[in-house]
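So the chains spell out like this:
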Amino acid sequence: MATLFGSGIKRREDPRLITGQATYVDDVKLPGLAYAVFARSPYAHAKITRIDVSAARQAPGVIAVYTGADVKDRLVPVPCAWNVPNCDLKIPAHPLLAYDKVRYAGDAVAMVIAETRAQARDAVDLVDVDYEPLRATADPEQATQPGAARLHEEIPDNIGFTWVVSGGDAAAAFQHAEVAVSQRIVQQRLLPTAMEPRAAVAQYNRGSGQLTLWATSQNPHIHRFLCSVMLKLPEHRIRVIAPEVGGGFGSKIPAYPDEALVSFAAMELGIPVKWTEDRSENYKVTIHGRDHIEYVEMCGTRDGKITGIRTRVYAGLGAYASTAAPGIPTILHGLVYSGSYMIPNIHGTIYGVYTNGTPVDAYRGAGRPEAAYLIERLVDIFARKIGMDPIEVRRRNFIPKDKFPYTVATGLIYDSGNYEAALDKALGILDLKAFRAEQAKARKDGRYLGMGLVSYIEICGLGPSQVAGAVGFGGGLYDSAIVRVYPTGVVKVYIGASPHGQGEETTFAQIVASEFGYPVENVEIIHGDTDNTPQGWGTYGSRTTAVCGSAVKVAALRVKEKAKLLAAHLLEANEADLEWKDDAFRVKGSPDKAKGMAELALMANVAWNMPPGMEPGLEATAFFDPTNFVYPFGTHICTVEVDEQTGQVKILRYIAVDDCGPPINPMIVDGQIHGGVIQGIGEGLQEIAVYDEEAQLVTGTMMDYAVPKASQMPHIEVAHTITPSPVNPLGVKGCGEAGTIASAACLVNAVCDALAPLGITHIDKPLTPARVWAAIQKAKGATP
Amino acid sequence: MIPTSFDYVRAGSVREALGLLALGDGTKVIAGGHSLLPMMRFRLVQAPKLVDISRLEELRGVQEYKKGLRIGATTTYAELARHPLVRERCPVIAEVAADIADIQVRNRGTIGGSLAHADPASDMPAVMMALDAEFQLRSKKGGRRTARAREFFKGAFVTDMTEEELFTDILVPGMGRNAAVYVSFDSAASGYALAGVCASIGRKRATISDISVAVTGVAEVVFLAGALERMKDTKCDAAVLAAAAKEAVAGLEIAGDVHAPSSYRRHIAEVAIIRAVERAYQRAGA
Ligand SMILES: Cc1cc2nc3c(=O)[nH]c(=O)nc-3n(C[C@H](O)[C@H](O)[C@H](O)COP(=O)(O)OP(=O)(O)OC[C@H]3O[C@@H](n4cnc5c(N)ncnc54)[C@H](O)[C@@H]3O)c2cc1C
């Protein structure tokens, strides 16, 4: 089984997921279950002058109705857990139910509990609220202008923080630069759209005082902690279970009012209560992503050396500061402005702005796609300006492979990399020469072909806990595993992270089985229940394998160490004379004298004949805290044809070369890349959350919000280079967000290359046919 | 996404369905439910009672009708897409059916439901207009009547039908020398047409002898683009076509929305007209 680590075996979680054997939160059915439905504000900004729930209380099947007034003194507002330092961060209270004012369309004003979901829904229509509408805006730049609607009394300009990143001397660099380019870039709001919407079931045992909360969570330990704050219930009285979770993309990291309110109702009423979001509600109240308006600049020399980058960013926070929101456009964005390049002078000012939109938080890539996008767009615009091939510009500025670990101007220390190798590999797959020839010929025929290229880096594997503390993250960033070997030798591994589709039940079993000389079937991975897993910090930020996978590896090695001592004892050999060979500990020179893990497990668990002083049992716990983040990288190439008449963009080829260190399961890595690329293409081509003048979400259903469909997506050609990370024992980096980080920029670069003959240097994503056509018309001097 | 409560009756016969509709109590027909149920879930429609006609064999299937087709109202898109008679006699219907939405919708959604629903962006109304189809309607009090597709669609979600009427059949005339093509540019989100054009063209050698062009998705209601009549007796001259296409959409009130501003819709409608006419012309000559 020596090759199990690194083999693309099928995902072990899939049979139950694709045959209806999986239990999602909404599948949890308990005796006497009642149902919650929320009454939500139709206005984006309004004073509540009166709420009358008497009719709702009388409605058939209704058990209880709660308003803001009922809960505001009993529950703690939703906490924000990322207190980024040195940016004058202002976190206004986020009441679980609005009582004096609503701040976005969807803000909940009452919770109805009824015997059936339909009865609760009907009664919601009877909740009678008088609103006094106020001016509203969902535009983060407009919201900072004088006279804009003010969301929170204590924040007159709506600016929740002003965060500055600075390295070198950007002002001087721009002042003395030979060339400088600038661009206003809008990185539109996106709707995360996990296949499963959010849901919660709460059960409270009045006898034991224990609350059990089944929740759609990427991080049940964080939810336990945050619920304990909101409910004022000690942490050990709360058990959070994330059963099967159908995707999150960041949207199931934060604490929301809903889960806490359902718990509150279960405690008040002494009956279990369930709430299941529907898709329209999901689009309205579950966090959104991105929402930047950016003014960005790059400067350098005529021979292609980039000397500086400068940004001013209005990052929309939405109506309240969601759990990790302040950290996304700052720590996870501004700090990576150097990209794959040696850029000596960097300056960025990021304003976090409250608006009347749904709260914005981490969405796949979280801050890093926005950074990669603006850097990679700027590199192309800069290259165009100096008349140099953008590939050559990239080569001239790459951090060379022998310079790692490398400290960039913003202070991050990149762990390892070989950017040119990934670039060369991608170009080899494309056959650049042939494409350029085809493009030239097409241009003669009046057709518009283009190639976009992106050499991204990513910061992930979040991360050392000490750094987490220093940047104000309200938790640790280590992770944990218990490897427990049963008497028959089979293994259960309890982990602190909480996979929800990524495949770690397979990859982590591969890690342990490889170590123990087992078939993968002998190992089960348990996650998602705070009552049986060790403290961990969850699954996001492409951290699970790099951090929690490393904990699994360390724990497995600890078990193996003990097993070796036991083997030496049983074989009456010296430990030093034992070697691990052909799936067993063997006495050097007499390989027949051997003990495999299964036999040792039995002996350890029955403890009939232990070495003096050794405890019975065979298990180990590990908490792994990495010494640094990991920095995956790669080059993506996209070729497109643009239909000049219709503005339609057709993707001809999409090539992704990624380096995430040694893949434990290459098939799963490729799947992650596929999914990520598709999400980025969606962002690049068609996804946009639109608010109107009254801050109403216009794209509130899938009829209007263009989630990518399989039939709209290209074939993706995936390849890898392998550069191990020195910061964890597996050498792995992350791969969950890489695809998304690279692909939106790649696509826009390709379209701008195609339309270069028309003088087009930038079009804001998403590149819908209407937008591309309008840009073409404008470039031709016509009014669209 | 929970509708208001409603009663549900599965009709055992057309007569029973007509009887229920004649009560005039707001009862609505449900066929595939793919337009009705979403509206009920959004509570945009609050029907007290539904009468389900989806299992009535009388209303289902495709038969020869003169040189054309008789299509039962509850025939699904999936059935139309693969039906040999449809593919032989009127391939454009099969092609359009095969391209609507996704497999789940095609397996349930019915052509009669789509036409009765009269969404101004749906595809089949344009095809029926271009082919000059007729619709057969029936009610308990009024008996049977026939409505011409070209006079049936009155506005967004508004047709010539009354609440008591049941849509029973579609009569599609034989194509004769004509060939038809449908071209649409769709919203990436909903798949509905931003502009959809069905052109039916007959040729005598290289000359156009007959032309009908219907446009959906652009205006308040699907419409027949009379300006394209001008193509008659031409050899599909590009300049005439461009001018006629422009004229066809020139005076229209076109609303913009999140999918496309009105300027783009107008432009794309022209492009769709041009492409549909060119392809139908080629097909008619093949
Ligand atoms: C995801 C999705 C994507 C779609 N994409 C497209 C698309 O790209 N293009 C497109 O054209 N359409 C599209 N549709 C709409 C689809 O074509 C219609 O939903 C479907 O054809 C309507 O037929 P139905 O049988 O489902 O009608 P139902 O939903 O059952 O009924 C629709 C309306 O017609 C009435 N009705 C139905 N049958 C009769 C009858 N025989 N007599 C009288 N009244 C009747 C009903 O009372 C109701 O008011 C899409 C739908 C979905 C859900």
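Engineer: It is not clear to me how the overall build of chain A should be interpreted in this structure. Could you clarify?
Structural biologist: Counting its secondary structure elements, chain A contains 19 helices and 28 strands. Against the 2.2 N^0.38 benchmark of 28 Å for 784 residues, chain A shows a C-alpha radius of gyration of 27 Å, consistent with a compact globule. Residues counted as buried form 64% of the 784 residues belonging to chain A. A fraction of 80% describes how many contacts in chain A between residues 6 or more apart in sequence connect residues 24 or more apart. Just so you have it, chain A exposes about 27300 Å², and 52% of that area is on carbon and sulfur atoms. Side-chain charges in chain A split into 73 positive and 86 negative, and the spacing between the mean points of these groups amounts to 2 Å.

Engineer: Hey, could you run me through the overall build of chain B in this one?
Structural biologist: The number of helices and strands found in chain B is 11 helices and 14 strands. For chain B, whose C-alpha radius of gyration is 19 Å, the value lies close to the compact-globule estimate of 19 Å for 286 residues. Over its C-alpha atoms, taken along the principal directions, chain B stretches across nearly 55 × 45 × 35 Å. The buried share of chain B, reckoned over its 286 residues, is 54%. With the model as given, the accessible surface of chain B reaches about 12400 Å², and the carbon-plus-sulfur share is 48%. Charged side chains in chain B number 37 positive and 33 negative. The centres of these two groups are separated by 4 Å.

Engineer: Would you explain the site of the ligand in this entry?
Structural biologist: Residue and element names in this part refer to chain B. Around the ligand, a shell composed of 30 residues is seen, among which V29, G32, S35, Y77 and T110 lie nearest. A distance of 2.5 Å is found between an oxygen atom of the ligand and a side-chain nitrogen or oxygen belonging to Y77. The protein chains hide 90% of the 960 Å² of surface that the ligand would expose on its own. Among the secondary structure elements, those contributing two or more residues to the shell around the ligand are strand 2 (28–30), helix 7 (111–117) and strand 10 (166–172). At 4 residues, helix 7 tops the list of elements feeding residues into the shell around the ligand. Taken together, the residues of the shell around the ligand break down into 15 nonpolar, 12 polar and 3 charged.

Engineer: Could you clarify how one ought to interpret the pairing of strand 5 (residues 68–72) of chain B in this entry?
Structural biologist: Strand residues, when the strand is regular, have side chains that alternate between the two faces of the sheet. All names here are of chain B. Buried residues dominate strand 5, accounting for 4 of its 5 residues. Summarising the sheet, strand 4 (residues 62–65) and strand 5 pair through 4 bridges and their orientation is antiparallel. Bridge pairing in strand 5 links Q63 to R70. The hairpin turn running from strand 4 into strand 5, its antiparallel successor, is 2 residues long, and K66 in that turn takes a positive phi close to 50°. Sheet analysis places strand 5 next to strand 10, joined by 4 bridges and oriented antiparallel. Counterpart to L69 in the pairing with strand 10 is V172.

Engineer: When you look at the domain arrangement of chain A in this model, what are you seeing that I'm missing?
Structural biologist: Size of an interface: often given as the accessible area lost when the parts come together. Residue and element names in this part refer to chain A. As far as domains go, chain A holds domain 1 (21–134 + 209–246 + 252–282), domain 2 (289–462 + 628–779) and domain 3 (478–624). Put simply, the middle of domain 1 and the middle of domain 2, counted by C-alpha atoms, are 36 Å apart. Here domain 1 and domain 2 share an interface that buries about 1900 Å² over both sides, 66% of which is from carbon and sulfur atoms. Of all residues in domain 1, W82, R103 and Y104 give up the largest surface area on contact with domain 2, accounting jointly for 30% of the area buried on that side. Counting every contact that joins domain 1 to domain 2 gives 0 salt bridges. Scanning the region where domain 1 abuts domain 2 turns up 9 residue pairs in polar contact (both at pLDDT 80 or more). When the residues that make up the side of domain 1 that touches domain 2 are grouped by side-chain class, the tally is 19 nonpolar, 3 polar and 4 charged.

Engineer: Even after reading the chapter, I still don't get the confidence of the model for chain B, so can you show me in this structure?
Structural biologist: When pLDDT is low, close inspection of the predicted coordinates is not appropriate. Put simply, chain B has an average pLDDT of 96, and 100% of its residues get 70 or more. For this predicted complex, the interface confidence comes out at an ipTM of 0.95, alongside a pTM of 0.96.

Engineer: Can you walk me through the interface of chain A and chain B in this structure?
Structural biologist: Across the contact, 27 residues belong to chain A and 21 residues belong to chain B. For the pair chain A and chain B, the summed buried surface comes to about 1900 Å²; carbon and sulfur atoms form 60% of the total. For chain A, the biggest contributors to the area lost against chain B are A:R121, A:M703 and A:W773; these three give 25% of the whole. Our count for the contact surface shared by chain A and chain B stands at 3 salt bridges. We note a salt bridge from B:R275 to A:D643, for which the minimum N-O separation is 3.1 Å. For the side of chain A that touches chain B, the secondary structure elements donating two or more residues are helix 4 (117–124) and helix 19 (769–779) of chain A. Considering every element that reaches the side of chain A that touches chain B, the biggest residue donor is helix 4 of chain A, with 4 residues. Looking at the side of chain A that touches chain B residue by residue, the class counts come to 11 nonpolar, 8 polar and 8 charged.

Engineer: Looking at this structure, how should I read the pattern of salt bridges?
Structural biologist: Between side chains of opposite charge, a pair can form as their charged atoms come close. Residue and element names in this part refer to chain A. Per the stated rule, a full pass over the model turns up 62 salt bridges over all chains. A salt bridge links E599 to K595; its shortest N-O distance comes to 2.6 Å. Since its relative accessible area comes to 37%, E599 is described here as partly exposed. The salt bridge involving K765 is made with E683; its shortest N-O contact spans 2.8 Å. Here the residue K765 occupies a position in the loop between helix 18 (738–754) and helix 19, and E683 occupies one in helix 17 (residues 666–685), the gap between them amounting to 82 residues.

Engineer: Whenever I open this one, the domain arrangement of chain B confuses me. Can you help?
Structural biologist: All names here are of chain B. Segmentation of chain B into domains returns domain 1 (7–52), domain 2 (58–172) and domain 3 (179–284). The partner domain 3 presents 18 residues to the 19 residues of domain 2 that form the contact. Between domain 2 and domain 3, the buried area comes to about 1500 Å², and carbon and sulfur atoms account for 64% of it. Between the two partners, domain 2 and domain 3, sit 1 salt bridge. One salt bridge in this structure joins E95 and R283, with 2.5 Å as the shortest N-O distance. The interface formed by domain 2 and domain 3 includes 8 residue pairs in polar contact (both at pLDDT 80 or more). Contributions of two or more residues to the side of domain 2 that touches domain 3 are made by helix 5 (91–99), helix 8 (124–130) and strand 8 (153–155). Top contributing element to the side of domain 2 that touches domain 3 by residue count: helix 8, with 5 residues.

Engineer: Would you explain the side chain of A:R368 in this entry?
Structural biologist: Its location among the elements puts A:R368 in helix 9 (residues 368–386). Those residues in contact with A:R368 that sit more than four places away from it in its chain are A:L332, A:V336, A:E458, A:I459, A:C460, A:G541, A:E737 and A:I741.

Engineer: Explain the sheet that holds strand 7 (residues 159–167) of chain A to me, please; I cannot follow it from the model alone.
Structural biologist: The strands making up a sheet associate through hydrogen bonds between their backbones, and the pairing can be parallel or antiparallel. Residues and elements named next belong to chain A. Pairing is mixed across the open sheet formed by 5 strands, whose spatial order is 7-15-14-13-8. In this open sheet, the two edge strands, each paired with only one partner strand, are strand 7 and strand 8 (179–190). Averaged over all adjacent pairs, the angle separating strand axes in this sheet is 10°, with direction ignored. As paired elements, strand 8 and strand 13 (residues 289–300) share 11 bridges and run antiparallel to each other. Looking at strand 13, one finds that I185 is bridged to E294. In the packing of helix 9 onto the sheet, contacts are made with strand 8, strand 13 and strand 14 (306–318), and the angle to strand 8 comes to roughly 145°.

Engineer: Where do I start with unusual backbone geometry in this structure?
Structural biologist: Glycine aside, the phi torsion of most residues is negative, and most peptide linkages are trans. All names here are of chain A. A cis amide bond, omega -5°, links F404 with the succeeding residue P405. Here K765 and P766 are connected by a cis peptide whose omega angle stands at 0°. Structurally, P766 is set in the loop between helix 18 and helix 19.

How each quantity is defined
- Residues numbered from 1 in each chain as written.
- Chains lettered and ligands numbered in written order.
- Predicted model: local features only at pLDDT ≥ 70, side-chain atom pairs only at ≥ 80, totals over all residues.
- Heavy atoms only, no water.
- Helix = DSSP H or I, 4+ residues; strand = E, 2+ residues; numbered from the N terminus.
- Rg over C-alpha atoms; globule rule 2.2 N^0.38 Å.
- Buried < 20%, exposed > 50% of the residue type's maximum accessible area, 1.4 Å probe, protein only.
- Contact = heavy atoms within 4.5 Å.
- Areas by Shrake-Rupley, 256 points an atom, 1.4 Å probe, with all protein chains shown as cover.
- Lys, Arg positive; Asp, Glu negative; His and termini not counted.
- Charge placed at Lys NZ, Arg CZ, Asp CG, Glu CD.
- Near = heavy atom within 4 Å.
- Polar contact = N/O pair within 3.5 Å; in protein donor to acceptor, adjacent residues only side chain to side chain.
- Nonpolar A, V, L, I, M, F, W, Y, C, P; charged D, E, K, R; others polar.
- Pairing = 2+ DSSP bridges.
- Domains from an automatic or database assignment.
- Buried area = accessible area lost by both parts, 1.4 Å probe.
- Salt bridge = Lys/Arg side-chain N within 4 Å of Asp/Glu carboxyl O.
- pLDDT = per-residue confidence, 0-100.
- Axes fitted to C-alpha atoms, helices over the stretch in contact; angles between N-to-C directions.

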